[in-house]
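Here are the chains, one letter per residue:
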Amino acid sequence: GAVLGAGDAASSVRQDGTGGVSIVTANVLAPSANGIEVMSGANSLGGIVIDSTAGAIRAFNNGIEVDNGGEGLVGISAADISTSEGKGIEVTLGELSTGVSIDSTAGTINSDATGVWVYNAGVGDTVIFAADISSANESGVFAFNQDAAGSITIDTTAGTIEQGLYGVDALNDG
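Residues numbered from 1 in each chain as written. Predicted model: local features only at pLDDT ≥ 70, side-chain atom pairs only at ≥ 80, totals over all residues. Heavy atoms only, no water.

Colleague: Explain the environment of L171 here, please?
Modeller: By secondary structure assignment, the location of L171 is in strand β18 (residues 168-172). We classify L171 as partly exposed; its relative accessible area is 43%. C-alpha separation for the pair L171 and F142, spaced 29 residues apart in sequence, amounts to 8.4 Å. (Helix = DSSP H or I, 4+ residues; strand = E, 2+ residues; numbered from the N terminus. Buried < 20%, exposed > 50% of the residue type's maximum accessible area, 1.4 Å probe, protein only.)

As structure tokens, then:
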């Protein structure tokens, strides 16, 4: 089914417990907010998994926004994402996080800001597989790993990146 919403996000999860978060969606429509939003506190141990490949995300702000302050891996699989003013996918990893894997090869990302944006202050790797990305004003893919993080892998061979700034912008201090 479809998720329709307003407020902060069409689908919003705040995790301060010790478990993980798993979200599986079809179509998500958020005409004045983020599509899917997950905020995880330092007590979270199980990681975050989001699968939106069964449908499209249409959002005013970010299509998918994840802030993982806890332990565990963030895994995102997405198909079509379209945003009016935000990023397609935005992921921020805190010091306890063990990495991120993003696969958006099942569809396209059309965004006003960066298509896929990752800031990794954790201890794991940043892995991004992307197909077609169109970013009006910023980079197609942006990834930044701080000094404790591992490697950055970005594979865009499944499609084309059209951007307003950089196609791929990556900085690894790890």
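Colleague: Explain the pairing of strand β3 (residues 21-24) to me, please; I cannot follow it from the model alone.
Modeller: Side-chain direction in a regular strand flips from residue to residue, so the side chains alternate between the two faces of the sheet. Residue alternation in β3 divides its side chains into a buried set, V21 and I23, and an unburied set, S22 and V24. By the bridge criterion, 4 bridges tie β3 to strand β6 (residues 48-52) in an arrangement that is parallel. The partner of S22 across the bridge, within β6, is V49. (Pairing = 2+ DSSP bridges.)

Colleague: In this structure, what is going on with the environment of K87? I would like to understand it.
Modeller: Mapped onto the secondary structure, K87 falls in the loop between β10 (81-83) and β11 (89-93). K87 sits in the buried class, given a relative accessible area of 18%. Taking the C-alpha atoms as reference points, K87 and Y166, 79 residues apart in sequence, are found 14 Å from one another. Those residues in contact with K87 that sit more than four places away from it in its chain are N61, N62, G63, S111, A113, T114, G115 and W117. A polar contact of 3.4 Å, which involves the side chain of K87, links it to the side chain of E90. (Contact = heavy atoms within 4.5 Å. Polar contact = N/O pair within 3.5 Å; in protein donor to acceptor, adjacent residues only side chain to side chain.)

Colleague: Is there a simple way to think about the packing of aromatic side chains in this case?
Modeller: Per the counting criterion, the structure on display carries 2 aromatic pairs. Taken together, a centroid distance of 5.9 Å and an interplanar angle of 25 degrees make the contact between W117 and F142 stacked. Here W117, found in strand β13 (residues 116-120), pairs with F142, found in strand β15 (residues 141-145); they are 25 residues apart in sequence, far enough to count as distant. Relative to F144, the ring of Y119 lies with its centre 5.4 Å away and its plane at 25 degrees, an arrangement referred to as stacked. Within this pair, whereas Y119 is found in strand β13, its partner F144 is found in strand β15, the two being separated by 25 residues in sequence. On the basis of relative accessible area, F144 is assigned to the buried category, the value being 14%. (Phe/Tyr/Trp six-rings, centres within 6.5 Å; stacked < 30°, edge-to-face > 60°.)

Colleague: Quick question: what am I supposed to make of the pattern of salt bridges here?
Modeller: Any two side chains of opposite charge can pair, on the condition that their charged atoms come close. Under the counting rule described, the total for this entry stands at 1 salt bridge. Of the charged contacts in the structure, one is a salt bridge between E90 and K87, with a shortest N-O distance of 3.4 Å. Across this residue pair, the class does not change: E90 and K87 are buried. (Salt bridge = Lys/Arg side-chain N within 4 Å of Asp/Glu carboxyl O.)

Colleague: Any chance you could explain the nonpolar core here in plain terms?
Modeller: Looking at soluble globular proteins, one finds that nonpolar side chains tend to be buried together. I64, I89 and V91 are the most contacted members of the largest nonpolar core, which has 28 residues in total. Residue contacts for I89: discarding those within four places in its chain leaves I64, I76, A78, I81, I102, I109, G115, V116 and W117. (Core = buried A, V, L, I, M, F, W, Y, C linked by side-chain atoms within 4.5 Å.)

Colleague: Would you mind showing me how to read the side chain of T83 here?
Modeller: Structurally, T83 can be placed in strand β10. For T83, a relative accessible area of 8% gives the class buried. A polar contact is formed between the side chain of T83 and the backbone oxygen of G86, at a distance of 2.7 Å. Those residues within four positions of T83 in sequence are excluded, and the remaining contacts are A59, F60, N61, N62, G63, G88, N110, S111 and D112.

Taken by themselves, the reported measurements are silent on function.
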